[in-house]
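# What the coordinates show
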Amino acid sequence: MSSSTVITNIAALVTNDPSLGDHSPLGLVRDAAVAVEGDRVVWTGESSKAPATDNRVDAGGRAVLPGFVDSHSHLLFGGDRTEEFNARMSGRPYSAGGIRTTVAATRAASDAELEAGLVRYLAEALRQGTTTFETKSGYGLTTADESRALRVAARHTDEVTFLGAHIVAPELADDPAAYVGLVTGEMLDACAPHARWIDVFCEQGAFDGDQARAILTAGKARGLHPRIHANQLSQGPGVRLAVELDAASADHCTHLTDADVDALANSGTVATLLPGAEFSTRAPWPDARRLLDAGATVALSTDCNPGSSFTSSVPFCIALAVRDMGMTPDEAVWSATAGGAAALRRDDVGRLTPGAYADLTLLDAPSHVHLAYRPGVPLVAGVWRRGVRVH
């Protein structure tokens, strides 16, 4: 029989249930408690009404919120791109191959090396409050390398995404149609059993709208649900294609037309914003305020990858979103928890209400607002995942 625990003396509890507490989207409960049995939340409310349990934890007048849900990352790779970043930040030209550099290093890495890197970055993220994460392939670009990356990822998360369509493989650079045929045929056959999602980088220099539609449609036919890298570097068909195909999320959404915004606001597709990428490339920030005011659902994630956003810190992304993307602290925290869950079409994470997984983050602060108010400070004082304290 599983034991039960109640965490009491919580100054401010983010539940993401608007029927609770202050009835805001965060469902903020003051002087609160959370009861956990096994791996699930069984009760949420005021501390004075907390039920009797086997164990009791005193939060010490600090804030508790759901574990962060990082719904977009690229953690299966070899090497890094320090020299590229240093050159970019120093204003020097750099001629190495970007994603292709990582493809070469990933192909050369052993399974054990890829898994060791994944485990390292997951532990790093967990210490910063991330309890649910998605990760993608996309740095192998051969049937063997893409499928082995997904097999490694599937040992550590259920949220695995096949991104064979990251760029056209270097050996088929002169025949993109042949590469699309590989991705939608032999590669998809090998990768589909190990993934839940299929993704494509729909952008100039990667895959156009017709190619992206063919790839995502083939994935859907194999039982994979679409998500899409859309409108990161320029306006294009990605967002509207995401909505057309009922993608769970359109990710980046940096360059949007009014029609793109309207399409997202009137769909079940989440706009996942990735400010780490803009920070690391000095690109224009996504306009979160425009999306939120239109009624779109917004998620915040890290895009952790070695080329354009080498951060695993959701708190850092929350601070960027508040400072530079027009979000309030409440909106940014919701987007990094419930928003991320929506981008993964999950209702068992990203909230602290009965039936949800007991994934909690304890801050060394009296309010969730401190995540933006005190940027760069390691505020995560405790993390519970599936009811077990892991940090």
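An account of the accompanying structure is given in this report. (Residues numbered from 1 in each chain as written. Predicted model: local features only at pLDDT ≥ 70, side-chain atom pairs only at ≥ 80, totals over all residues. Heavy atoms only, no water.)

Further remarks concern the sheet that holds strand β15 (residues 380-385). Here we have seven strands laid out as an open sheet, ordered β3-β2-β1-β4-β14-β15-β16, and mixed in their pairing. Looking at which strands have only one partner, the edges of the open sheet turn out to be β3 (40-46) and β16 (388-389). One ladder, built from two bridges, connects β15 with β16; its direction is antiparallel. Its bridge partner being in β16, Arg 385 is matched across the sheet by Val 388. (Pairing = 2+ DSSP bridges. Helix = DSSP H or I, 4+ residues; strand = E, 2+ residues; numbered from the N terminus.)

A full pass over the atoms with the stated rule returns 24 salt bridges. The partner of Asp 111 in a salt bridge is Arg 148, and the shortest N-O contact between them spans 2.7 Å. Highlighted residues: Asp 111 in helix α3 (residues 111-127) and Arg 148 in helix α4 (residues 143-154), separated in sequence by 37 residues. By relative accessible area, Asp 111 is classed as partly exposed at 37%. For Arg 148, a relative accessible area of 9% translates into the label buried. One salt bridge in this structure joins Arg 346 and Asp 348, with 2.7 Å as the shortest N-O distance. (Salt bridge = Lys/Arg side-chain N within 4 Å of Asp/Glu carboxyl O. Buried < 20%, exposed > 50% of the residue type's maximum accessible area, 1.4 Å probe, protein only.)

Where helix α12 (residues 314-324) contacts helix α13 (residues 329-343), the axes come no closer than 9 Å and their chain directions differ by 140°. Considering their axes alone, α12 and α13 lie oblique with respect to each other. Crossing angle aside, the handedness with which α12 passes α13 is right-handed. Residues Val 314, Ile 318, Ala 321 and Val 322 of α12 touch α13, and the partners they reach there are Pro 329, Ala 332, Val 333 and Ala 336. In terms of residue class, the contact of α12 with α13 is built from eight nonpolar, no polar and no charged. (Axes fitted to C-alpha atoms, helices over the stretch in contact; angles between N-to-C directions. Parallel < 35°, antiparallel > 145°, perpendicular 65-115°, else oblique. Left-handed = near helix turned anticlockwise from the far one by under 90°. Contact = heavy atoms within 4.5 Å. Nonpolar A, V, L, I, M, F, W, Y, C, P; charged D, E, K, R; others polar.)

To continue, consider the nonpolar core. A general feature of soluble globular proteins is that nonpolar side chains tend to end up buried together. In this structure, Phe 162, Phe 207, Ile 228, Leu 264, Leu 291, Leu 300 and Ile 318 are the most contacted members of the largest nonpolar core, which totals 83 residues. When residues in this core are grouped by element, the largest group, five residues, is from α3. Here Leu 264 is in contact with Val 239, Val 243, Ala 250, Cys 253, Leu 256, Thr 269, Ala 271, Leu 291 and Ala 296, once residues within four sequence places are set aside. Ranked by size, the runner-up nonpolar core spans 15 residues in total, among them Val 34, Leu 352, Leu 362 and Trp 384. (Core = buried A, V, L, I, M, F, W, Y, C linked by side-chain atoms within 4.5 Å.)

Before going further, it helps to spend a moment on the packing of helix α5 (residues 176-184) against helix α7 (residues 209-221). Working note: a packed helix pair is described by the angle between its axes plus the distance between those axes. Closest axis-to-axis distance for the α5/α7 pair is 9 Å, and the angle between their directions is 15°. One way to sum up the angle between α5 and α7 is to call them roughly parallel. When the axes of α5 and α7 are compared, the crossing they make is right-handed. Contacts between α5 and α7 involve Pro 176, Val 180, Val 183 and Thr 184 on the former and, on the latter, Gln 211, Ala 214, Ile 215 and Ala 218. The class makeup of the residues in the contact of α5 with α7 is six nonpolar, two polar and no charged.

This paragraph deals with the pairing of strand β7 (residues 159-165). Taken across its seven residues, β7 has seven buried, putting it largely inside the fold. Both strand β6 (residues 130-136) and β7 contribute to a ladder of three bridges, which runs parallel. Paired with Glu 134 across the strands is Glu 159, a residue of β7.

Under the counting rule described, the total for this entry stands at six aromatic pairs. The rings of Phe 77, Tyr 121, Tyr 139 and Phe 310 are connected pair by pair, giving a single aromatic cluster. Here Arg 40 stacks its cationic end above the ring of Tyr 357, 3.9 Å away from the centre of that ring. Positioned above the aromatic ring of Trp 197, the side-chain terminus of Arg 227 is 4.3 Å from the ring centre. (Phe/Tyr/Trp six-rings, centres within 6.5 Å; stacked < 30°, edge-to-face > 60°. Lys NZ or Arg CZ within 6 Å of the ring centre and 35° of its normal.)

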